[in-house]
Amino acid sequence: MIYLLSLVIVILLFIVGALLRKVYDLRLDKPSPGSGGAEASLKTTWGKFDELLTSLLTIHEIGIVNAGTIKKEEFYRTVLENACELINSPRGSLMIYDSQADELTIAASKNISKEVIENTRIKPGLGIAGRAFQTGETIFVTDPQQNTQYKDFIGKEEQRDPFIAIPLKLKDKPFGVLNLHLSRDKESFTDYDLKFLTLLAGETAITLENIKLYESLENFYLEMVQTLARVIDAKDSYTGDHAGRARHKARRLAQELHIPEQTLRYVEYAALLHDIGKIGIDGGILSKPGKLTQEEYEEMKKHPAIGYQILSPIHFLGPVAQMVLYHHEWFNGMGYPEGLKGEEIPLGARIVATIDAWDAMRSDRPYRKALSHDIAEGELTKGSGRQFDPQVVQAFLALENSDWPVIK
Ligand SMILES: [Fe+2]
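Since the structure is predicted, the reported quantities are computational estimates derived from the model, not experimental observations.

Of the protein atoms, only Asp-275 (OD), His-303 (NE2), His-327 (NE2) and His-328 (NE2) coordinate the iron ion, at distances of 2.1 to 2.2 Å. Given four donor atoms and angles of 85 to 175° at the metal, the environment of the iron ion is assigned as irregular.

Written out as structure tokens, the structure reads:
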């Protein structure tokens, strides 16, 4: 419904934009005496409208295309940047309401000191931003130095320029405030500034709601697959929360290997879900205490492909299915299912392979006790360059031997 509504709004804006452009073109085709001023004004108006459309589309696209990947902080920053650009504002902030603490804090800022960002906590109803939030009305402050409420909101450095506080609302419920300062070369905000900012605030609210919906859907789905992963752990002969441990280590190891934040999340999911295909393998084979027969082993080798089939239709998991498919490939090409070699194997799969092997060696199995740390390290080193990526093994052991230090 929200998708549809925001799509209709953007389409309508396009139609109006196209009409404006048409009118503007006609005026240029047939210049009339003395119309220079009007043309210039129309040109400025069109230019502003074009900027607005670009801003709205940027925000809209974030909500529709990037809803599953963009972080809220990044989204807030984009909104603020677009709002500042739209009215040529040199400074501003986007505040978000924290219902638990019952206060507004700065979620994105432009040209505001670090100290102000960290110390600004506004209760609803207090200060200008607090009042805009509580009343749901836009507030102008033309002379901040004369306004006693203003000092609660911004420090001395920022007290000189007039500014505007626009509440961000969804279904009449405020969730934040957009504060924008006036550029020095302007005396006041124009009607267009106001209308454009109101539209921008509206699109922001819709997009944010969309991002939240997507996140809750994603969380719901992840909880479901985590439950599935635990079911597999229980069915398999590993002890404890194998998938959970693997997930935690994969994230940290991927960070150590300087994998970008986005891919890092996928590696984490791959570690959590790498054995999900075992759901399709006979329980007798999974929990067999002794060595598997050739036939049983061939059956067991199907689990990466089954995992791939389960995960590949799920859009938000992106490359996770591929990482799962290749988590039993060997660095020297002797693994399965396809015998990929070296960097042909996705890095996420190479990470999962290393972590998985370590966890298997360090766990009690039905047919043997857990290997000691030193023996497991020796085995992993022996497999480096053969079964495992040497770089991954090196980074893994460095982390394992320093107790997985947290990145600050
Ligand atoms: Fe596996």
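At 3.6 residues per turn, the α-helix brings residues three or four places apart onto the same side. With 15 residues, helix α3 (residues 72-86) extends 21 Å between its outermost C-alpha atoms, agreeing within 8% with the 21 Å of an ideal straight helix rising 1.5 Å per residue. All of the buried residues in α3 are Phe-75, Tyr-76, Thr-78, Val-79, Leu-80, Asn-82, Ala-83, Cys-84 and Leu-86. The first or second residue beyond α3 is Asn-88, which carries a positive phi of 55°.

Under the criterion given, the structure shown has 14 salt bridges. Linking Glu-103 and Arg-121 is a salt bridge whose minimum nitrogen-to-oxygen distance equals 3.3 Å. With Glu-103 in strand β2 (residues 103-110) and Arg-121 in strand β3 (residues 121-122), this pair connects stretches of sequence that are 18 residues apart. Among the residues examined, Arg-121 registers a relative accessible area of 47% and is labelled partly exposed. The salt bridge involving Arg-251 is made with Glu-261; its shortest N-O contact spans 3.2 Å. You can see Arg-251 sitting in helix α7 (residues 242-256) and its partner Glu-261 sitting in helix α8 (residues 261-273), a full ten residues away along the chain.

For the rest of this paragraph, the subject is the packing of aromatic side chains. Throughout the structure, instances matching the rule amount to five aromatic pairs. On the numbers, 4.7 Å between centres and 35° between planes, the contact of Tyr-97 with Phe-133 is tilted. Of this pair, Tyr-97 sits in strand β1 (residues 92-98) while Phe-133 is found in helix α5 (residues 127-135), placing the two residues 36 residues apart along the sequence. Each residue in the set Trp-358, Phe-396 and Trp-404 is aromatic and connected to the rest through ring pairs, giving one cluster. Seen from the ring of Tyr-266, Arg-265 lies directly overhead, with NZ or CZ sitting 5.9 Å from the centre.

Taken together, the side chains of Leu-228, Val-231, Ile-279 and Ile-310 present a nonpolar region at the surface, about 270 Å² in accessible area. Turning to its location among the elements, Ile-310 is positioned in helix α11 (residues 303-311). With a relative accessible area of 32%, Ile-310 lands in the partly exposed category.

This next bit is on the pairing of strand β6 (residues 173-181). A large share of β6 lies buried, amounting to seven of its nine residues. The pairing of β1 with β6 spans five bridges and is classified as antiparallel. Across the sheet, Leu-94 pairs through a bridge with Leu-178, a residue of β6. Note that strand β5 (residues 163-170) and β6 share eight bridges and pair antiparallel. Each bridged residue has a counterpart across the sheet, and for Ala-165 the counterpart in β6 is Asn-179. The antiparallel hairpin formed by β5 and β6 contains two residues in its connecting segment, where Lys-171 sits at a positive phi of about 50°.

Packing of α7 against helix α13 (residues 347-361) leaves a shortest axis separation of 10 Å and a crossing angle of 135°. Put simply, α7 runs oblique to α13. Both α7 and α13 take part in a crossing whose hand is right-handed. Between α7 and α13, the residues in contact are His-242, Arg-245, Ala-246, Lys-249, Ala-250, Leu-253 and Ala-254 and Ile-351, Ile-355, Asp-356, Trp-358 and Asp-359, respectively.

For the rest of this paragraph, the subject is the pairing of β2. Pairing geometry for β1 and β2, over seven bridges, is antiparallel. Each bridged residue has a counterpart across the sheet, and for Ser-93 the counterpart in β2 is Ser-109. If you look at the hairpin formed by β1 and β2, you'll find four residues sitting between the two strands, and Asp-102 has a positive phi there, around 55°. In this structure, β2 lies alongside β3, joined through two bridges in antiparallel fashion. Residue pairing for β3: Leu-104 is matched across the bridge by Ile-122.

What counts as what
Residues numbered from 1 in each chain as written. Predicted model: local features only at pLDDT ≥ 70, side-chain atom pairs only at ≥ 80, totals over all residues. Heavy atoms only, no water. Donors = N, O, S within 2.8 Å, 3.2 Å for Na, K, Ca; no water. Tetrahedral: all angles 85-135°; square planar, octahedral: opposite > 155°, others 65-115°. Helix = DSSP H or I, 4+ residues; strand = E, 2+ residues; numbered from the N terminus. Expected span 1.5 Å × (residues − 1). Buried < 20%, exposed > 50% of the residue type's maximum accessible area, 1.4 Å probe, protein only. Salt bridge = Lys/Arg side-chain N within 4 Å of Asp/Glu carboxyl O. Phe/Tyr/Trp six-rings, centres within 6.5 Å; stacked < 30°, edge-to-face > 60°. Lys NZ or Arg CZ within 6 Å of the ring centre and 35° of its normal. Patch = residues over 30% accessible without salt bridge, like charges linked within 9 Å, V, L, I, M, F, W, Y side chains within 5 Å. Areas by Shrake-Rupley, 256 points an atom, 1.4 Å probe, with all protein chains shown as cover. Pairing = 2+ DSSP bridges. Axes fitted to C-alpha atoms, helices over the stretch in contact; angles between N-to-C directions. Parallel < 35°, antiparallel > 145°, perpendicular 65-115°, else oblique. Left-handed = near helix turned anticlockwise from the far one by under 90°. Contact = heavy atoms within 4.5 Å.

Just distances and angles here, no functional claims.
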